[in-house]
Amino acid sequence: MLPSPVLQPWISVYMDPQRAHKAFFLLTTATSRTPRSLLGMFLAVAATAAAVLIYRFWANLASVNYDPGMRPLFAPLGIVGALIPTCWGNPGLKWVWEWRRTNFFSYKYDVVSMVPLLVGEPCYYTCSVDVVRQLLQNETKTRLVKPRWLTAPLFLWGENVISANDEVWKRHRRILAPTFTAKTYSLVVTETTAAYREMFVSEGWENRDEVAVADMNRLAHKLALIIIARCGFGFRTPWTEAPESSAEMSFGESLLVVSSSAITRLVVPKWAYNLPIETIRVVDTAWRTLGAFMHRFVEARRAELNGITGDDAQPGDIFSRLVSCMDQDSKTQLSEEEVIGNTFALLFAGRETTACAIVATLGFLAIHQEHQATAYAEIMASIPAGRDPVLDDLSKLQHLMACYHESIRMYPGGAMLTREMTEDVVIKVARPVETTMVLKKGALMVVEMIAVHHNPHVFPDPNEFRPSRWYGVPEADVPMFGAGPRACIGKKFSHTEALCFLSLLLRDWKIDVPLNLGESRAQYEDRVMGRAGRVGLSFGCGSIALKMSRRK
Ligand code: HEM
């Protein structure tokens, strides 16, 4: 059905907001010429708006082939939908988590469409590992792209491997991939052990047999930031850093503020930073300070690298490799902005996801004492008494690794992967019936990682912490790190850091949860682990308190 000619001008106004003021003028002039009441004018405007909305809704349904799905008032990925909490009529960003125990997603469909009635763009959602593999395994051939409007917080500092598409992405990945080596992972073990000791001293745990940790999330985020900063970029941020007198903020402080304020930086207009609002000013100071630090670091490393010749001219760490590409030919060349863009992308990706996963693992091991006992026995059997873990020891910690994977399954840090079709793509679906679906050019697919990893067809009893699901599963088949050519580049980095930290902590301490009076462990799990949500740009269970007793 085509829109009626009466609607045509309003449709184009709606699609092209620049013409809206002209149309509004025409409408008001037309209504004022005739002796109509204010009510009449209001009704005319309301009827026109309703017609536009209906037409837009109809066009959006057509763009997703009228495939079945949800019809909320606002799209979850639009600003309005994302700002309003999950409720009737508005799924919001947390709908899959909030409604995970209801029949809402139902898992009867591998793919559903999401077409908003009022505001936002239509898209598809999938909860199927199989669909994810079909889409991502060959995504450079099917030419899927990450939508720019959704990756915007990631390229505030410059283009990088996470945000880029097509040839630009290939160039960034080609540059970064060789820096994730065994040498890097050995350094991760050394630095994680050193940071654990610094934490031990700074937090005042040295001479105590019982410790109450008020917020494990804070410690895990600090640890993850220190490890990626030291191992990836050679930035030596101590656990407790004294502010530098020459700067408004220290490097570590500004890094912490910047890494949790990307959305603020994106949405707050420049002029607002001059307002006397303390939190906004702190964000601005942090971003400016860090920018100045980064520029100085790039210059210093560039000068250092120019003095190196012979075998040493092949830099090993990520930052040196990025900086060295500023002086290379076009295949592996980076601008200063791209060097800084990649540095921040890795600081974000490397920090939040791993920190959230470590916190979730500790939370579950504290609740499920039987799994902690198995992990402890494994640690004692794998790491000889009297020394700290080395890289080779970590591969023996199969149960601890399964606990880590199971925690990430329940709280997938990279909670939403988004891809736009640049041409029609045909996929096979198994539910509700085996058939094929055409995702039209321009369609947006949201891989809802919480839904994928709570899909009962693949993970029976999905809300149960069951590490044995991962026994014997090859690392390449673990779906929480994505799939295909754009799968996580830092998977092994994250495993190494997490297993090293967890093995040190669990070797030295027995951990437990502070239950309320009369509360069961299951109730605690529901109350505390259930209030998960966005942590920075990731998804995690947030603040968790732990009781720790020193092992004799
Ligand atoms: C528990 C920890 C982690 C999880 C769950 C995780 C998850 C993911 C996922 C699902 C993707 C794919 C995104 C997509 O296809 O759109 C991804 C990509 C990526 N991850 Fe991770 N990640 C983790 C840790 C890390 C670490 C430690 C680093 C860096 C040291 C890192 C760096 C990256 C980068 C650079 C990409 C983009 C790769 C590309 O597009 O070529 N991640 N990660």
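What counts, and where the lines are drawn
- Residues numbered from 1 in each chain as written.
- Predicted model: local features only at pLDDT ≥ 70, side-chain atom pairs only at ≥ 80, totals over all residues.
- Heavy atoms only, no water.
- Helix = DSSP H or I, 4+ residues; strand = E, 2+ residues; numbered from the N terminus.
- Buried < 20%, exposed > 50% of the residue type's maximum accessible area, 1.4 Å probe, protein only.
- Contact = heavy atoms within 4.5 Å.
- Areas by Shrake-Rupley, 256 points an atom, 1.4 Å probe, with all protein chains shown as cover.
- UniProt positions renumbered as here; feature names shortened; annotations may be inferred.
- Near = heavy atom within 4 Å.
- Polar contact = N/O pair within 3.5 Å; in protein donor to acceptor, adjacent residues only side chain to side chain.
- Nonpolar A, V, L, I, M, F, W, Y, C, P; charged D, E, K, R; others polar.
- Pairing = 2+ DSSP bridges.
- Axes fitted to C-alpha atoms, helices over the stretch in contact; angles between N-to-C directions.
- Salt bridge = Lys/Arg side-chain N within 4 Å of Asp/Glu carboxyl O.
- Patch = residues over 30% accessible without salt bridge, like charges linked within 9 Å, V, L, I, M, F, W, Y side chains within 5 Å.
- Expected span 1.5 Å × (residues − 1).
- Core = buried A, V, L, I, M, F, W, Y, C linked by side-chain atoms within 4.5 Å.

A. Summary view of the overall build of the protein chain. Per the secondary structure count, the protein chain includes 22 helices and 12 strands. Out of the 552 residues in the protein chain, the part that is buried amounts to 50%. In the protein chain, the share of contacts with a sequence separation of at least 24, taken over all contacts with a separation of at least 6, comes to 72%. Summed over its atoms, the accessible surface of the protein chain is roughly 25700 Å², and 59% of this surface lies on carbon and sulfur atoms.

B. A look at the UniProt feature "transmembrane region" (unreviewed entry) in the protein chain. Under the present numbering, the feature "transmembrane region" (unreviewed entry) in UniProt falls on residues 38-58 and 73-93. Along residues 38-58, the helical share is 100% and the strand share 0%, with 30 Å between the first and last C-alpha atoms. Secondary structure content for residues 73-93 is 24% helix and 0% strand, and the end C-alpha separation is 14 Å.

C. Main features of the site of the ligand. As a matter of local geometry, the ligand sits amid 28 residues, with W169, R173, R419, R486 and C488 nearest to it. Here an oxygen atom of the ligand sits 3.5 Å away from a polar atom, N or O, in the side chain of K146. Separating an oxygen atom of the ligand from a side-chain N or O atom of R486 is a distance of 3.0 Å. When residues of the shell around the ligand are traced back to their parent elements, those giving at least two are α9 (166-176), α16 (336-367), α19 (398-410), β5 (416-420) and α21 (491-508). At six residues, the largest contribution of residues to the shell around the ligand is made by α16. In terms of residue class, the shell around the ligand is made up of 18 nonpolar, six polar and four charged.

D. Region of interest: the sheet that holds strand β4 (residues 210-213). One open sheet holds the three strands; their spatial order is β4-β12-β9, and the pairing between them is antiparallel. Looking at strand neighbours, the two that pair on one side only are β4 and β9 (509-512), the edges of this open sheet. For this sheet, the mean angle separating the axes of adjacent strands, direction not counted, is 25 degrees. With four bridges joining them, β9 and strand β12 (residues 546-550) adopt antiparallel strand pairing. Bridge pairing links W509 to R550 in β12.

E. The arrangement of the pattern of salt bridges in detail. Scanning the model with the defined rule gives 28 salt bridges in all. In this structure, E198 engages R230 in a salt bridge whose closest nitrogen and oxygen atoms are separated by 3.1 Å. With E198 in helix α10 (residues 182-202) and R230 in helix α11 (residues 216-233), the pair connects residues that are 32 residues apart, well separated along the chain. For E198, a relative accessible area of 24% puts it in the partly exposed group.

F. How the structure looks around the environment of L346. Locating L346 in the fold gives a position in helix α16. For the pair L346 and L154, spaced 192 residues apart in the sequence, the C-alpha separation amounts to 10.0 Å. Sequence-distant contacts of L346, defined by excluding residues within four places in its chain, comprise L176, F180, I228, F233, I318 and R351.

G. The arrangement of a nonpolar patch on the surface in detail. On the surface, L156, I263, L266, V267 and L537 cluster together into a nonpolar patch covering about 370 Å² of accessible area. Secondary-structure assignment places L156 in the loop between α8 (148-151) and α9. On the basis of relative accessibility, which here comes to 32%, the residue L156 falls in the partly exposed class.

H. Structural detail: the environment of V268. The residue V268 is located in the loop between α13 (262-267) and α14 (278-306) in this model. Residue class for V268 comes out buried when judged on its relative accessible area of 17%. In this structure, the C-alpha to C-alpha distance between V268 and I280, residues 12 residues apart in sequence, is 8.4 Å.

I. Structural view of α10. Across its 21 residues, α10 extends 30 Å between first and last C-alpha, which sits within 8% of the 30 Å expected from 1.5 Å per residue. Listed as buried for α10 are T184, Y185, V188, V189, E191, T192, T193, A195, Y196, M199 and F200. Immediately downstream of α10, the backbone of G204 shows phi near 75 degrees, a positive value.

J. Local environment of the environment of R531. Here R531 shows up in the loop between α22 (521-528) and β10 (533-535). The spatial distance from the C-alpha of R531 to the C-alpha of S543 is 9.5 Å, given a sequence separation of 12 residues.

K. Expanded view of the sheet that holds strand β8 (residues 444-448). Strand order in the open sheet formed by five strands is β1-β2-β3-β8-β5, with mixed pairing between adjacent strands. Each end of this open sheet is capped by a strand with a single partner; those strands are β1 (69-70) and β5. Bridge count between strand β2 (residues 111-114) and strand β3 (residues 123-126): four bridges; the pairing is antiparallel. Directly across from V112, in β3, lies its bridge partner Y125.

L. Quick peek at the UniProt feature "binding site: heme" (unreviewed entry) in the protein chain. Per the UniProt record, the feature "binding site: heme" (unreviewed entry) sits at C488. Along the polypeptide, C488 turns up in the loop between α20 (449-453) and α21.

M. Region of interest: the side chain of N342. Tracing the chain through its elements places N342 in helix α16. On the basis of relative accessibility, which here comes to 1%, the residue N342 falls in the buried class. Setting aside its immediate chain neighbours within four residues, N342 contacts E159, N160, V161, H172, L176, L322 and L334.

N. Expanded view of the nonpolar core. Counting 126 residues, the largest nonpolar core has W205, Y411 and L505 as the members making the most contacts within it. Element by element, the count of residues in this core is highest for α16, at 15 residues. Counting 25 residues, the second-largest nonpolar core is a separate cluster that includes L135, M437, V447 and M449.

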